[in-house]
Amino acid sequence: MTKQRIQLLDNVFLTYVPADKFKTDFLSAQFITPLRAETAGLNALLPAVLQRGTAEYPDMQRLSAALDLLYGANVEHSVRKRGENQLWGFVATCVDDAFLPGGDQLLEPLTDILGQLICRPVLENGTLSPAYVASERTNLIDAIRSAINEKRTFASRRLLEEMCRGEAYGLSHIGDEASVAAITPEALTAHYHQAIAQSRLELYYCGRAEMQRVEDAFRAAFRDLPRCGGVPLAAAQPHPVRETPQVIREQMDVTQGKLCVGYSVDTDDKEAVVVMNTMFGATSNSKLFLNVREKLSLCYYASSTYHRAKNMITVASGIEFQNYQKALDEITAQLTAMQSGSWEDWELTAVRSSLSNGHRSIFDSASQLEDFYMGQIATGRDDDPEKLLEAALAVTPERIRAAANAVKLDTIYFLTGKEATNP
């Protein structure tokens, strides 16, 4: 599987990934722009509105009927954050031609629908449909409000907001309620024209079709895409080391505490940090899981995540309110064990096995492949999954200890109950 990447138009690129193992083709059209507070909500709302119809298929019923004629092809809008950039657009799937009767071909008509959704939306007197804008604005506000209902995700997001206050990485990829509520059809239309003309567009294909055919299909589908200058992507800036760690406590009507801890990582040896974090808390064989959760029963869950673009590690855990200090101390103790090299041979073997399985699983899903390559592009990297795995497997115990000693406490966030006594 050898990917190719070419430039189709000014600031428009195509990534082609040939794959014979899937029975479906996977297509993607993603605009990538710097994540900003003033545009996050606009970019999150825009693809939802555009998906409501095109000039040729002006409502969801007719658009769905057109997709049904393509053997049930599917198109969905997407909004993501990768590094300090926001990605918005559409992903689409269809049955590969090799499995269709009578020589039917779906690549070209499905690609054309993608082009229509972006270049030829439903307009009323030159403005995006007010009814569609109002409906999808309500849906987006509901999604923003509902985020608080999943306390595990909410606490992790609050940690990032506080830890990265003043940095784009601390922003939500779907915006905030106040800014979304203020979006008018006129404002969204103005943003639409500017965004599709100036933002980088990344096109993607994974399937069996030949490269030239895919290139021709995308060129035809996006022939009407306006191009006017270009907004450069935001380079991911490492999170600065905080001199004095901060502690944030919030109270809500919850029955389980959420303890989240953020660390800055002051090293450029990111492969070593990947291995170190996997042993620390990224798997069910990690120190956090086996000790803090299983052995000591201090947490309902405990895991860590490495934010490579920002060189940060975050820990998420669910605890009883009264176990705050015990859980925090034990999380710290496990990091100290990593720093001193206190681990068994089987732990490193388990880490390497987990990394091997995780990297290779990328190739088992067309959507995971797309997400991997889009993430690479958005963060200014051009890594190959196999080479990343080779680099991780080559990390020595000495490099793991050095990476662990580069981890510095930055922020502690504790979500506790309203009636709980503060620890």
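Residues numbered from 1 in each chain as written. Predicted model: local features only at pLDDT ≥ 70, side-chain atom pairs only at ≥ 80, totals over all residues. Heavy atoms only, no water.

## Topic: helix α1 (residues 37-50)
Working note: α-helix, 3.6 residues per turn, so residues spaced by three or four point in the same direction.
Link 1 in the chain: The buried fraction of α1 amounts to 11 of the 14 residues, a majority that puts the element mostly inside the structure.
Link 2 in the chain: Here α1 has its buried residues at A40, G41, L42, N43, A44, L45, L46, P47, A48, V49 and L50. (Buried < 20%, exposed > 50% of the residue type's maximum accessible area, 1.4 Å probe, protein only. Helix = DSSP H or I, 4+ residues; strand = E, 2+ residues; numbered from the N terminus.)

## Observations concerning the sheet that holds strand β13 (residues 407-417)
Link 1 in the chain: Taken in spatial order, the 5 strands of this open sheet run β9-β13-β10-β12-β11, and their pairing is mixed. Two strands lie at the open edges of the sheet, namely β9 (246-252) and β11 (301-307), each paired on one side alone. Each strand of the sheet is rotated relative to its neighbour by a mean of 15°, with strand direction disregarded.
Link 2 in the chain: Where β11 meets strand β12 (residues 312-319), 7 bridges bridge the pair, whose relative direction is antiparallel. The residue bridging Y301 from the neighbouring strand is G318, located in β12.
Link 3 in the chain: Contacting β9, β10 (257-265), β11, β12 and β13, helix α5 (residues 151-163) runs over the sheet at an angle of about 35° to β10.
Link 4 in the chain: With respect to the sheet, helix α9 (residues 270-282) is in contact with β10, β11, β12 and β13, its orientation differing from that of β11 by roughly 170°. (Pairing = 2+ DSSP bridges. Axes fitted to C-alpha atoms, helices over the stretch in contact; angles between N-to-C directions. Contact = heavy atoms within 4.5 Å.)

## A word on the sheet that holds strand β5 (residues 85-95)
Link 1 in the chain: Here 6 strands make up an open sheet; going across it, the order is β1-β2-β8-β3-β5-β4 and the pairing mixed. Looking at strand neighbours, the two that pair on one side only are β1 (4-9) and β4 (74-82), the edges of this open sheet. Strand-to-strand twist across the sheet, computed as the mean angle between neighbouring axes with direction ignored, equals 20°.
Link 2 in the chain: Sheet topology places β4 next to β5; 9 bridges connect them, and they run antiparallel. Paired with S78 across the bridge in β5 is G89.
Link 3 in the chain: The strands touched by helix α13 (residues 366-378) within the sheet are β1, β2 (12-18), β3 (24-34), β4, β5 and β8 (200-207), with β8 carrying the most contacts at an inclination of about 150°.

## Details of the domain arrangement of the protein
Link 1 in the chain: Partitioning the protein into domains gives domain 1 (4-221) and domain 2 (246-417).
Link 2 in the chain: On a C-alpha basis, the centres of domain 1 and domain 2 stand 30 Å from each other.
Link 3 in the chain: Listed by partner, the interface residues are 34 residues for domain 1 and 37 residues for domain 2.
Link 4 in the chain: With both sides pooled, the region where domain 1 packs onto domain 2 buries about 2900 Å², and carbon together with sulfur makes up 70% of that total.
Link 5 in the chain: Of all residues in domain 1, R152, L159 and M163 give up the largest surface area on contact with domain 2, accounting jointly for 22% of the area buried on that side.
Link 6 in the chain: Counting every contact that joins domain 1 to domain 2 gives 7 salt bridges.
Link 7 in the chain: Between E370 and R80 there is a salt bridge; the shortest N-O distance is 2.9 Å.
Link 8 in the chain: Taken together, the elements giving at least two residues each to the side of domain 1 that touches domain 2 come down to β2, β3, β4, β5, α5 and β8. (Domains from an automatic or database assignment. Buried area = accessible area lost by both parts, 1.4 Å probe. Salt bridge = Lys/Arg side-chain N within 4 Å of Asp/Glu carboxyl O.)

## A short note on the packing of aromatic side chains
Link 1 in the chain: Evaluated as defined, the whole model comprises 6 aromatic pairs.
Link 2 in the chain: Arranged with centres 4.7 Å apart and planes meeting at 40°, the rings of Y324 and F414 form a pair that is tilted. In this pair, Y324 sits in helix α11 (residues 324-340) while F414 sits in strand β13, placing the two residues 90 residues apart along the sequence. Taken as a pair, Y324 and F414 share a single burial class, namely buried.
Link 3 in the chain: The ring of F13 has R5 lying over it, and the distance from NZ or CZ to the ring centre is 4.4 Å.
Link 4 in the chain: The aromatic ring of Y301 is capped on one face by R152, whose charged end is 3.7 Å from the ring centroid. (Phe/Tyr/Trp six-rings, centres within 6.5 Å; stacked < 30°, edge-to-face > 60°. Lys NZ or Arg CZ within 6 Å of the ring centre and 35° of its normal.)

## Comments concerning the environment of R120
Link 1 in the chain: Checked against the element boundaries, R120 lands in the loop between α3 (107-119) and β6 (123-124).
Link 2 in the chain: Between the C-alpha atom of R120 and that of C228, which follows or precedes it by 108 residues, the distance is 17 Å.
Link 3 in the chain: Not counting chain neighbours up to four residues away, the residues in contact with R120 comprise T54, A55, D112, G115, Y192 and D224.

## Describing the environment of T244
Link 1 in the chain: In this structure, T244 sits in the loop between α8 (211-221) and β9.
Link 2 in the chain: When the C-alpha positions of T244 and K23 are compared, they lie 54 Å apart, and in sequence the two are 221 residues distant.

## Description of the layout of surface pockets
Link 1 in the chain: For the second largest pocket, the calculated volume is near 240 Å³.
Link 2 in the chain: Every residue lining the second largest pocket is listed: R152, S156, R157, L159, L160, C260, S303, T305, H307, T314, V315 and A316.
Link 3 in the chain: Those elements giving two or more residues to the lining of the second largest pocket turn out to be α5, β11 and β12.
Link 4 in the chain: Among the elements that take part in the lining of the second largest pocket, α5 stands out by supplying 5 residues, more than any other.
Link 5 in the chain: Split by domain, the residues of the lining of the second largest pocket number at least three in each of domain 1 (4-221) and domain 2 (246-417). (1 Å grid on protein atoms, 1.4 Å probe; cavity = no way out; pocket = protein on both sides within 12 Å on 5 of 7 lines; lining within 4 Å. Points joined across faces, edges and corners; volume = space filled by probe spheres on them.)

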